[in-house]
Amino acid sequence: DAQGNLEMSQAEADAKTAALKRLGYTVTATPSGAVIFGTFPGTPAYPVLNVGDVVTAVDGVVTPTALDLTTVLARYHSGQSVALTVRKGGTAPPVPVAVTLKRTVIDLGDGQTATVDLGIQPEDQVDYTYPFPVTIDVTNIGGPSAGLAMTLGVIDALTSGSVTGGRTVAATGTIDSQGNVGDV
C-alpha cells in the first residue's frame, strides 16, 4: 500500500509537470534527497526506515539524489554506524536516524540474491515548483498508471475546447515529468 501511495504521489507530480511544460509553463525541479521505495526484511534499514521516508544526508554529507546516497554509503562497511538525516514520510522536519550497517544477503526472487549493508531501494526525490497551484483529486487511486490520464485532465482544464472532442475516453499509462508515456 505504501509503495502504491508513493507511486501515485510521484505520478501526480510528474503529470502536473508534464502538462504544464507541454503548455509552455516553466516548472523548476530541485533534487531533494533519496526517497525510500522499499526496505528488505532482516536488514538494518527495515526497522527504522519506511517507504516514503526521504534521506537527505549521511553523517552530515548532503545527498540530494539516490546516486549521491549510494556513493556516500559505499565509503562505509558492515559494522560501522552512520547517522542518516531523514524526513519521515517525506514531509516531516529532518531528524537523525542512527543505523549500524550489517552485511546481509537478501533474496531478490527467481533464485537471485544480493549482498547489502543497509538494505534500501532508493529513488530520486524531486521537488517541483509550479507557476500556480494545480490540484488533482487522486482519492482511492494507487500506483502510477493514472499518470497519462491526470496529464490529459490538467491540459484539458487549462486550455479552451476539449482534449477529447466531447467524447468519453478511457486512458491508462504512466508518464514521466518530460511527458514520455510508459506502460502500465
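Now for a description of the structure that goes with this document. (Residues numbered from 1 in each chain as written. Predicted model: local features only at pLDDT ≥ 70, side-chain atom pairs only at ≥ 80, totals over all residues. Heavy atoms only, no water.)

### Description of the pattern of salt bridges
Phase 1: Considering all chains together, one arrives at three salt bridges under this definition.
Phase 2: Where Lys88 meets Asp53, a salt bridge forms, and the shortest distance between an N and an O atom there is 3.1 Å. Taken together, the residues span a long stretch of sequence, with Lys88 in the loop between strand S4 (81-87) and strand S5 (95-100) and Asp53 in the loop between strand S1 (28-39) and strand S2 (54-58) at a distance of 35 residues.
Phase 3: Where Arg103 meets Asp117, a salt bridge forms, and the shortest distance between an N and an O atom there is 2.9 Å. Linking Arg103 in the loop between S5 and strand S6 (104-109) with Asp117 in the loop between strand S7 (112-116) and strand S8 (120-129), this pair joins segments that are 14 residues apart in sequence.
Phase 4: A relative accessible area of 17% places Asp117 in the buried class. (Salt bridge = Lys/Arg side-chain N within 4 Å of Asp/Glu carboxyl O. Helix = DSSP H or I, 4+ residues; strand = E, 2+ residues; numbered from the N terminus. Buried < 20%, exposed > 50% of the residue type's maximum accessible area, 1.4 Å probe, protein only.)

### Considerations on unusual backbone geometry
Phase 1: The phi dihedral of Asp59 falls on the positive side, at around 50°, and the residue is not glycine.
Phase 2: Take Asp59: it is sitting in the loop between S2 and strand S3 (61-62).
Phase 3: Backbone geometry at Asp110 places phi at a positive 55°, although glycine is not the residue there.
Phase 4: Along the polypeptide, Asp110 turns up in the loop between S6 and S7.

### Here's the deal with a nonpolar patch on the surface
Phase 1: Together, Leu23, Tyr25 and Leu158 give the surface a local cluster of nonpolar side chains, amounting to about 220 Å² of exposed area.
Phase 2: Mapping Tyr25 onto the fold places it in the loop between helix H1 (2-22) and S1. (Patch = residues over 30% accessible without salt bridge, like charges linked within 9 Å, V, L, I, M, F, W, Y side chains within 5 Å. Areas by Shrake-Rupley, 256 points an atom, 1.4 Å probe, with all protein chains shown as cover.)

### Points about helix H2 (residues 66-73)
Count 3.6 residues to each turn of an α-helix, and residues three or four apart come out pointing the same way.
Phase 1: Residues of H2 that are buried include every one of Ala66, Leu69, Val72 and Leu73, and no others. Down the axis, H2 shows its buried residues gathered within 130° of arc, on one side only.
Phase 2: On its buried face, H2 sits against S1, S2, S3 and S8. (Arc of directions from axis to C-beta. Contact = heavy atoms within 4.5 Å.)

### Notes on H1
Phase 1: Along its 21 residues, H1 runs 30 Å from first to last C-alpha, staying within 8% of the 30 Å computed at 1.5 Å per residue.
Phase 2: Within the span of H1, buried status applies to Gly4, Leu6, Met8, Ala11, Glu12, Asp14, Ala15, Lys16, Thr17, Ala18, Ala19 and Leu20.
Phase 3: The positive-phi residue at the C-terminal boundary of H1 is Gly24, with phi of around 90°. (Expected span 1.5 Å × (residues − 1).)

### Regarding the environment of Ala57
Phase 1: Within the secondary structure layout, Ala57 lies in strand S2.
Phase 2: Exposure remark for Ala57: the relative accessible area of 6% places this residue in the buried category.
Phase 3: Distance from Ala57 to Leu69, taken between C-alpha atoms, is 7.4 Å for residues twelve residues apart in sequence.
Phase 4: Beyond its immediate chain neighbours, meaning those up to four positions away, Ala57 contacts Val62, Thr63, Ala83, Leu84 and Thr85.

### Concerning the nonpolar core
Phase 1: Leu49, Val58, Leu69, Val82, Leu84, Leu118 and Ile120 are the most contacted members of the largest nonpolar core, which has 19 residues in total.
Phase 2: At the level of secondary structure, the elements contributing two or more residues to this core comprise S1, S2, H2, S4 and S5.
Phase 3: In terms of residues, this core owes the most to one element, H2, which gives four residues.
Phase 4: Setting aside residues up to four positions removed in sequence, Leu84 forms contacts with Leu49, Val55, Ala57, Val58, Val95, Pro96, Val97, Val99 and Leu118.
Phase 5: Membership of the second largest hydrophobic core comes to 15 residues, among which are Ala11, Ala15, Val134 and Ala146. (Core = buried A, V, L, I, M, F, W, Y, C linked by side-chain atoms within 4.5 Å.)

### Some points on the pairing of S1
Phase 1: Summarising the sheet, S1 and S8 pair through nine bridges and their orientation is antiparallel. Of the residues in S8, the one forming a bridge with Ala29 is Tyr128. (Pairing = 2+ DSSP bridges.)

### Re the pairing of S2
Phase 1: Across the five residues that make up S2, a large majority, five, are buried.
Phase 2: The pairing of S1 with S2 spans two bridges and is antiparallel. Paired with Val35 across the bridge in S2 is Val54.
Phase 3: Inspection of the sheet shows S2 paired to S4 by four bridges, in the antiparallel sense.

Geometry only, nothing functional implied.
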